[in-house]
Amino acid sequence: MPEVNIEIGGKEFSVACQEGEEQYLRDAAAMLDREARGLVSQIGRMPESRMLLMAGLMLADRTAAYEQKAASAEEKLARQERLIEEMEAMPAPAPERVEVAVIPREVKETLAELAAQAEALAAQAEEKAAG
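Residues numbered from 1 in each chain as written. Predicted model: local features only at pLDDT ≥ 70, side-chain atom pairs only at ≥ 80, totals over all residues. Heavy atoms only, no water.

1. Focus: a nonpolar patch on the surface
Together, Ile-103, Val-107, Leu-111 and Leu-114 make up an exposed nonpolar region whose accessible area comes to about 360 Å². By the element assignment, Leu-114 lies in helix H3 (residues 105–130). (Patch = residues over 30% accessible without salt bridge, like charges linked within 9 Å, V, L, I, M, F, W, Y side chains within 5 Å. Areas by Shrake-Rupley, 256 points an atom, 1.4 Å probe, with all protein chains shown as cover. Salt bridge = Lys/Arg side-chain N within 4 Å of Asp/Glu carboxyl O. Helix = DSSP H or I, 4+ residues; strand = E, 2+ residues; numbered from the N terminus.)

2. Observations concerning the side chain of Glu-22
Residue position: Glu-22 is located in helix H1 (residues 22–43). Of the buried charged residues, Glu-22 lacks a salt bridge, with Arg-26 as the closest side chain of opposite charge at 5.8 Å. A polar side-chain atom of Glu-22 sits 3.1 Å from the main-chain amide nitrogen of Gly-20. Not counting residues up to four positions away in its chain, the partners in contact with Glu-22 are Pro-2, Val-4 and Cys-17. (Buried < 20%, exposed > 50% of the residue type's maximum accessible area, 1.4 Å probe, protein only. Lys, Arg positive; Asp, Glu negative; His and termini not counted. Polar contact = N/O pair within 3.5 Å; in protein donor to acceptor, adjacent residues only side chain to side chain. Contact = heavy atoms within 4.5 Å.)

3. A few points about the nonpolar core
Membership of the largest hydrophobic core comes to 13 residues, with the highest contact counts inside it found for Val-4, Ile-6, Ile-8, Leu-32, Ala-36 and Ala-55. Breaking this core down by element, the ones donating at least two residues are strand S1 (3–8), H1 and helix H2 (48–89). Ranked by the residues each element gives to this core, the list is headed by H1, at 5 residues. Beyond its immediate sequence surroundings of up to four residues, Leu-32 is in contact with Ile-8, Leu-52, Ala-55, Gly-56 and Leu-59. (Core = buried A, V, L, I, M, F, W, Y, C linked by side-chain atoms within 4.5 Å.)

4. Points about the pattern of salt bridges
Scanning the entire structure with this criterion turns up 6 salt bridges. Ionic pairing is found between Arg-97 and Glu-99, a salt bridge with its closest N-O pair at 3.7 Å. Taken as a pair, Arg-97 and Glu-99 share a single burial class, namely exposed. Three or more residues joined by partner-sharing salt bridges are found here, namely Glu-7, Asp-33 and Arg-37.

5. Considerations on the pairing of strand S2 (residues 11–16)
Of the strand pairs in this sheet, S1 and S2 are connected by 6 bridges, and their pairing is antiparallel. Each bridged residue has a counterpart across the sheet, and for Asn-5 the counterpart in S2 is Ser-14. Hairpin remark: S1 followed by S2, antiparallel, with 2 residues in the connecting loop; positive phi at Gly-9, about 60 degrees. (Pairing = 2+ DSSP bridges.)

Take a look at the structure:
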């Protein structure tokens with residue numbers, strides 16, 4: 001079992017850990033050290049056990065806040081997943097019926113004839129007005 005030397009709040013400690021967990025221990029010790037150094041800079045010198053207790057409580061408080069945020073995010077995700085499942089289970093809406101007017105061929109031809117006659121009358125009126 002490997003031993004790792006760590007420093008927390010200016011104090012040296014030798015801690016045993018499982019094989020392969022050395023970096024995890026160093027990272028955790030660095031977090032605890034930041035909290036401990038912050039305490040020492042604010043309060044000054046204090047007994048080692050009190051410094052470790054206070055630094056551990058500060059980290060536990062921060063961890064509890066993160067756990068609450070994670071739980072809230074998990075609840076929101078679960079609600080969203082249920083909503084998606086409900087929406088996927090819904091039957092597809094009926095296709096919308098769209099009616100398109102169909103103009104009979106005879107009406108089109110009659111309108112075209114009327115338009116041609118109107119254009120002819122307009123041309124005649126222009127000629128009389130010009131001349």
